[in-house]
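# Structure at a glance
For reference, the chains in residue letters:
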Number of protein chains: 2
Amino acid sequence: MTAEWIVPVILSGGSGTRLWPRSRVELPKPFLPLLGDDTLFEATLARCADERHFAAPMIVTGARHLPHVEAQAPAEAELIIEPEGKNTAPAIALAAQRLPGDAVMLVCPSDHHIADEGAFLDAARAAARLAREGWLVAFGIEPDGPETGFGYIRRGEAIPGGFRIASFVEKPDLATAERFLDEGGYSWNSGLFAFRADRYLQELARHRPAMADKVRLAVIEGHGDGRKFFPEMHAFSQIEAESVDYAVMEETDRAAMVPAAMGWSDIGNWDALFDARARDASGNCALGPAELVDCRNVMVDSDGPRVSVIGLENVVVVVHDGEVLVTTREGAQQVGKLTGATSQ
Amino acid sequence: MTAEWIVPVILSGGSGTRLWPRSRVELPKPFLPLLGDDTLFEATLARCADERHFAAPMIVTGARHLPHVEAQAPAEAELIIEPEGKNTAPAIALAAQRLPGDAVMLVCPSDHHIADEGAFLDAARAAARLAREGWLVAFGIEPDGPETGFGYIRRGEAIPGGFRIASFVEKPDLATAERFLDEGGYSWNSGLFAFRADRYLQELARHRPAMADKVRLAVIEGHGDGRKFFPEMHAFSQIEAESVDYAVMEETDRAAMVPAAMGWSDIGNWDALFDARARDASGNCALGPAELVDCRNVMVDSDGPRVSVIGLENVVVVVHDGEVLVTTREGAQQVGKLTGATSQ
């Protein structure tokens, strides 16, 4: 590993409810080819595969999804298998414990879409430069609308290559989100981060000492099996689940952000997936056999049965594995609460 | 058969496209239990089963649907199997040829719904009385909206028990249909008729002599097999297909109508079927497993797969035999033109 390398740390999991019935608990979003032939997980790995910039990836996952990870990850990847899900702060800490202190980690959720890979690489390199200087770096996405489904980052003073973070803001209501857009200086918190491994562990030890201890113990007492590493179950189970945002980013006084305009989407629901897919002149988009008559902005996603749609606008129809979902684009946010999604 | 009896003549066929994918060419609308446990065909027979008023029914059908007819018709029914479909005028003529001249025929399509059976019986008896006097009688349905999918009947002078028919009007455009409602005196032409058998044949011989001849020949040279009767194929094939409306009702100067307010529907498309089904307080209606969230006036009809719908209004979702249809209520009229419906 050279000093310039970046270690991709891919966080892989998901509950499989928001893109139900296409995503399932047993086969959640990262492992599905939702955009093109690659799964989102494969595309995430491919974005970080250029050997001029990236070391071999480290993938943190759970036992449940390990078969998908093993099938889709490259041979050189190290896999860390969490005994149970504890949110992102402990997952990142496991990876940090397994890396040299001066390694720069690029933390990537495995179920996001990034349309502009060149812009992603530029942002990753900018973030890595700041991380090398000791900053804990978030990627801030320029908002293109008053989204209420994301947390926001408020920019502070400029620093070379980015900005200090003035504050993190929880998912706002619509009026607040609109105000953020009017005021400017706010970005979406994308869930992508860059840290030096030692700096992350230092900040964690300072702000969440119990978590840091338990993770260290789980790694010391864990065991390897080929490219797989299994943290010790008992120590890990005592950790209180918490996100990296809460446990580290909001606590540290060295939080920075790099602005990233890279066609990012978290593919957080069917509406977001629709936005990321190519459409015809009527705004329609069909995967699988479909006939659309007098439709505008209708997306069909079928795993086999023909779907015939007449006269609809801004609607998504999904047919998968014996389940049929029909929702307005607006209603897509409620898919995760459907009986079909929650009773899997 | 007493002089007061009415002979139900049930016309049974259908192309199976307008209620696709539930109806199919091989299993069209009459033979499906679309409203309750009985099929529309069974319900049609049950409406005419009271022995105080009705003789055994005569059913005119085609070879293709004979298995369904035999399975669903009562043992005492006579079945006339047309060698090919020639529209309604020849079908009714076949039945008339097989009946005594003074028999009063009540011609019933087998795929309509009538909610008020008492009102139907009253109208049938009123029509039969006029028919016995030599009138050719149509049932006129009081319009409850400017429907453009039906032909209209304009009432003429009152006669005892009904009205003369002033004229028949082809399916109107919306403006014309609205004018009809404003003016009054217009009824929908329901496709239900009553004739004495001899009067029907007399009028047919006068206005369509070639058709009358060929039907007579087809019956003379036809053959029976138990309760089934097969008209001779060659003679029947030479008949020019035509509806009873054109061939007889519009031609005769003895056309009459009885007004009928009996909750009639031709169940002509999914929208009409929706109207005939019971709904919940939100106007929704679900047959088969369904979850409806934030929906109003949504109908789901599924033969197995769960259908989850979010945020829609005035939409019909049908899942049947591996086909999925999603249409606005307005768009339901276009279902018959879908590839799935026309390529069966």
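Quick notes on the rules
Residues numbered from 1 in each chain as written. Chains lettered and ligands numbered in written order. Predicted model: local features only at pLDDT ≥ 70, side-chain atom pairs only at ≥ 80, totals over all residues. Pairing = 2+ DSSP bridges. Helix = DSSP H or I, 4+ residues; strand = E, 2+ residues; numbered from the N terminus. Axes fitted to C-alpha atoms, helices over the stretch in contact; angles between N-to-C directions. Least-squares fit on C-alpha atoms with pLDDT ≥ 70 in both. Contact = placed C-beta atoms within 7 Å. Domains from an automatic or database assignment. Nonpolar A, V, L, I, M, F, W, Y, C, P; charged D, E, K, R; others polar. Buried ≥ 20, exposed ≤ 12 C-beta atoms within 10 Å, placed from the backbone. Right-handed = clockwise from strand over helix to strand, strands pointing away. Core = buried A, V, L, I, M, F, W, Y, C linked by C-beta atoms within 7 Å. Parallel < 35°, antiparallel > 145°, perpendicular 65-115°, else oblique. Left-handed = near helix turned anticlockwise from the far one by under 90°.

### Quick look at the sheet that holds strand β14 (residues 285-287) of chain B
Spatial strand order, β15(A)-β17(A)-β19(B)-β18(B)-β16(B)-β14(B): 6 strands in an open sheet with mixed pairing. The sheet is open, and its two borders are formed by β15 (290-293) of chain A together with β14 of chain B, each paired with just one other strand. Taking the axes of each pair of neighbouring strands and ignoring which way they run, one obtains an average angle of 5° across the sheet.

### A look at the sheet that holds strand β14 (residues 285-287) of chain A
Adjacent strands of a sheet form backbone hydrogen bonds with each other and so pair up, either parallel or antiparallel. Pairing in this open sheet of 6 strands is mixed, and the strands run β14(A)-β16(A)-β18(A)-β19(A)-β17(B)-β15(B) from one edge to the other. Only two strands of the sheet have a single partner each, and these edge strands are β14 of chain A together with β15 (290-293) of chain B. The sheet shows a mean angle of 5° between the axes of neighbouring strands, taken without regard to direction.

### Side note on the relation of the copies chain A and chain B
Expressed as a screw operation, the relation of chain A to chain B combines 0.1 Å of axial shift with a rotation of 180°, fitting to an RMSD of 0.0 Å. Accordingly, the operation relating the two chain copies is best matched by a two-fold axis. In this assembly, 100% of the residues forming the interface of chain A have copies in chain B that are likewise at the interface, indicating an isologous arrangement.

### Notes on the domain arrangement of chain A
All names here are of chain A. When its domains are assigned, chain A resolves into domain 1 (6-265) and domain 2 (271-342). Put simply, the middle of domain 1 and the middle of domain 2, counted by C-alpha atoms, are 30 Å apart. Its residues placed into classes, the side of domain 1 that touches domain 2 shows 5 nonpolar, 3 polar and 2 charged.

### Section: the pairing of strand β2 (residues 58-62) of chain B
Residues and elements named next belong to chain B. When you tally the buried positions in β2, you get 4 out of 5 residues, the bulk of the element. Here strand β1 (residues 6-11) pairs with β2 via 3 bridges, running parallel. Its bridge partner being in β2, I10 is matched across the sheet by I59. Chirality of the crossover, the property in question, places the unit of β1, helix α1 (residues 40-47) and β2 among those that are right-handed. In terms of strand pairing, β2 meets strand β3 (residues 78-82) through 5 bridges, oriented parallel. Counterpart to G62 in the pairing with β3 is E82. Read from β2 through helix α2 (residues 66-72) to β3, the crossover connection turns out right-handed.

### Topic: the nonpolar core
The tendency in soluble globular proteins is for nonpolar side chains to be buried as a group. Membership of the largest hydrophobic core comes to 233 residues, with the highest contact counts inside it found for M105 and V137 of chain A together with M105 and V137 of chain B. If we ignore the near neighbours within four places in the chain, the residues touching V137 of chain A are A127, L130, A131, G162, F193, A194, F195, A256, M257 and V258 of chain A.

### Points about the packing of helix α3 (residues 88-97) of chain A against helix α7 (residues 209-220) of chain A
A packed helix pair is summarised by two numbers, namely the angle formed by the two axes and the spacing between the axes. Residue and element names in this part refer to chain A. Between α3 and α7, whose axes approach to 9 Å, the crossing angle comes to 50°. The angle between the axes of α3 and α7 places the two elements in the oblique class. α7 is crossed by α3, and the crossing has right-handed handedness. Contacts between α3 and α7 involve A89, P90, A93, L94 and Q97 from the first element and M211, A212, V215, R216 and V219 from the second. Each residue belonging to the contact of α3 with α7 can be placed in one class, and the counts come to 8 nonpolar, 1 polar and 1 charged.

### A word on the environment of R129 of chain B
Note on placement: R129 of chain B falls in helix α4 (residues 117-132). For the pair R129 of chain B and V104 of chain B, spaced 25 residues apart in the sequence, the C-alpha separation amounts to 8.9 Å.

### Overview of the interface of chain A and chain B
A common way to express how large an interface is: the accessible area buried when the components associate. Each partner contributes residues to the interface: chain A has 27 residues there, and chain B has 27 residues. A total of 6 residues in the side of chain A that touches chain B trace back to one element, the largest contributor, which is strand β19 (residues 323-328) of chain A. When grouped by side-chain class, the residues that make up the side of chain A that touches chain B number 13 nonpolar, 9 polar and 5 charged. Examined bridge by bridge, strand β17 (residues 306-310) of chain A and strand β19 (residues 323-328) of chain B share 5 bridges and lie parallel to one another. Across the sheet, the residue bridging to V309 of chain A is V326 of chain B, located in β19 of chain B.

### Here's the deal with the packing of α3 of chain A against helix α6 (residues 197-207) of chain A
Residues and elements named next belong to chain A. Here α3 crosses α6 at 130°, and the two axes come no closer than 9 Å. The angle between the axes of α3 and α6 places the two elements in the oblique class. Of the two elements, α3 crosses α6, and the hand of that crossing is left-handed. Here A89, I92, A93, A96 and Q97 of α3 come into contact with α6, specifically with A197, Y200, L201 and L204. In terms of residue class, the contact of α3 with α6 is built from 8 nonpolar, 1 polar and no charged.

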